[in-house]
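# Tertiary structure, described
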Amino acid sequence: MSTPPLRAATVGGTADEVEAQFYDALQKGDVAALMACWADEDEIVCIHPDGPCHVGPGAIRAAYEALFAHGAPRIRTDGVRRVEALAASVHTVVEHREPAQAGDGGATVCTIATNVYHRTAQGWRLVAHHASPGTAADAAAPRPADALQTLH
């Protein structure tokens, strides 16, 4: 009987694909799939809105496990802006978090996130996620259609 391939080996080939898989895993509350998006490095960093800085895979996993203990967040993203180089891609996105339960009466919360990806031997991987509280103006701001900038 053969051993199934590691989950990390299935992560997409571009930074955009890794980002899509990251947000998909986030909405499903799937810690293993979410962690497969991260680089296997000791210095990876995750900062949630108004939260502390989590450094390293263990601390990041624990932070997401704590988040998922309250249910998987319902998040949609838009307004992706990218700055890409040969081995790095920096994305800023607007995250829209819906209330935990339909009918909660809570408003959708807007967050601005910066996601940094590095090209590794395993493909593109997330090395930093930093989310900060956003405003209604951020949520409503028009975004350029897939504006792509390349660093030389």
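Residues numbered from 1 in each chain as written. Predicted model: local features only at pLDDT ≥ 70, side-chain atom pairs only at ≥ 80, totals over all residues. Heavy atoms only, no water.

Another point: the overall build of the protein chain. Within the protein chain one finds four helices and seven strands. Taking all 152 residues of the protein chain together, 34% fall into the buried category. A fraction of 53% describes how many contacts in the protein chain between residues 6 or more apart in sequence connect residues 24 or more apart. Of the roughly 8600 Å² of accessible surface on the protein chain, 56% is carried by carbon and sulfur atoms. (Helix = DSSP H or I, 4+ residues; strand = E, 2+ residues; numbered from the N terminus. Buried < 20%, exposed > 50% of the residue type's maximum accessible area, 1.4 Å probe, protein only. Contact = heavy atoms within 4.5 Å. Areas by Shrake-Rupley, 256 points an atom, 1.4 Å probe, with all protein chains shown as cover.)

For Arg 125, the position within the fold is in strand β6 (residues 123–133). One buried charge, Arg 125, has no salt-bridge partner; the nearest side chain with opposite charge is Asp 40, at 8.9 Å. (Lys, Arg positive; Asp, Glu negative; His and termini not counted. Salt bridge = Lys/Arg side-chain N within 4 Å of Asp/Glu carboxyl O.)

In this section: the pattern of salt bridges. Here the structure, examined in full by the defined rule, presents four salt bridges. The partner of Asp 16 in a salt bridge is Arg 82, and the shortest N-O contact between them spans 2.8 Å. With a gap of 66 residues between them, Asp 16 in helix α1 (residues 15–28) and Arg 82 in strand β3 (residues 75–84) connect regions that are remote in the sequence. You can call Asp 16 partly exposed: its relative accessible area is 33%. Notably, a salt bridge pairs Asp 24 with Lys 28, separated by 3.0 Å at the nearest N-O pair. Of the two residues, Asp 24 and Lys 28 are both situated in helix α1; the distance of four residues between them amounts to about one turn of the helix. According to the relative accessible area criterion, Asp 24 is partly exposed, its value standing at 37%. The exposure class assigned to Lys 28 is exposed, which follows from its relative accessible area of 58%.

Our next topic: the environment of Thr 92. If you trace the backbone, Thr 92 turns up in strand β4 (residues 88–97). When neighbours within four sequence positions are excluded, Thr 92 is seen to be in contact with Gly 79, Val 80, Arg 81, Ala 113 and Thr 114.

The subject of this paragraph is α1. For α1, which comprises 14 residues, the first-to-last C-alpha distance of 20 Å matches the rise-based estimate of 20 Å (1.5 Å per residue) to within 8%. The complete set of buried residues in α1 reads Ala 15, Val 18, Glu 19, Phe 22, Tyr 23, Ala 25 and Leu 26. Looking straight down α1, one finds that the buried residues subtend no more than 160 degrees of arc, so they occupy a single side. Of the surrounding secondary structure, the elements contacted by the buried residues of α1 are α2 (31–36), α3 (57–68), β3, β4, β5 (109–120) and β6. Of the residues trailing α1, Gly 29 is marked for its positive phi of about 70 degrees. (Expected span 1.5 Å × (residues − 1). Arc of directions from axis to C-beta.)

Mapping Leu 67 onto the fold places it in helix α3. Sequence separation of Leu 67 and His 48 is 19 residues, and the distance between their C-alpha atoms is 10.0 Å. When near neighbours in sequence (up to four residues on either side) are disregarded, Leu 67 contacts Leu 26, Pro 73 and Arg 97.

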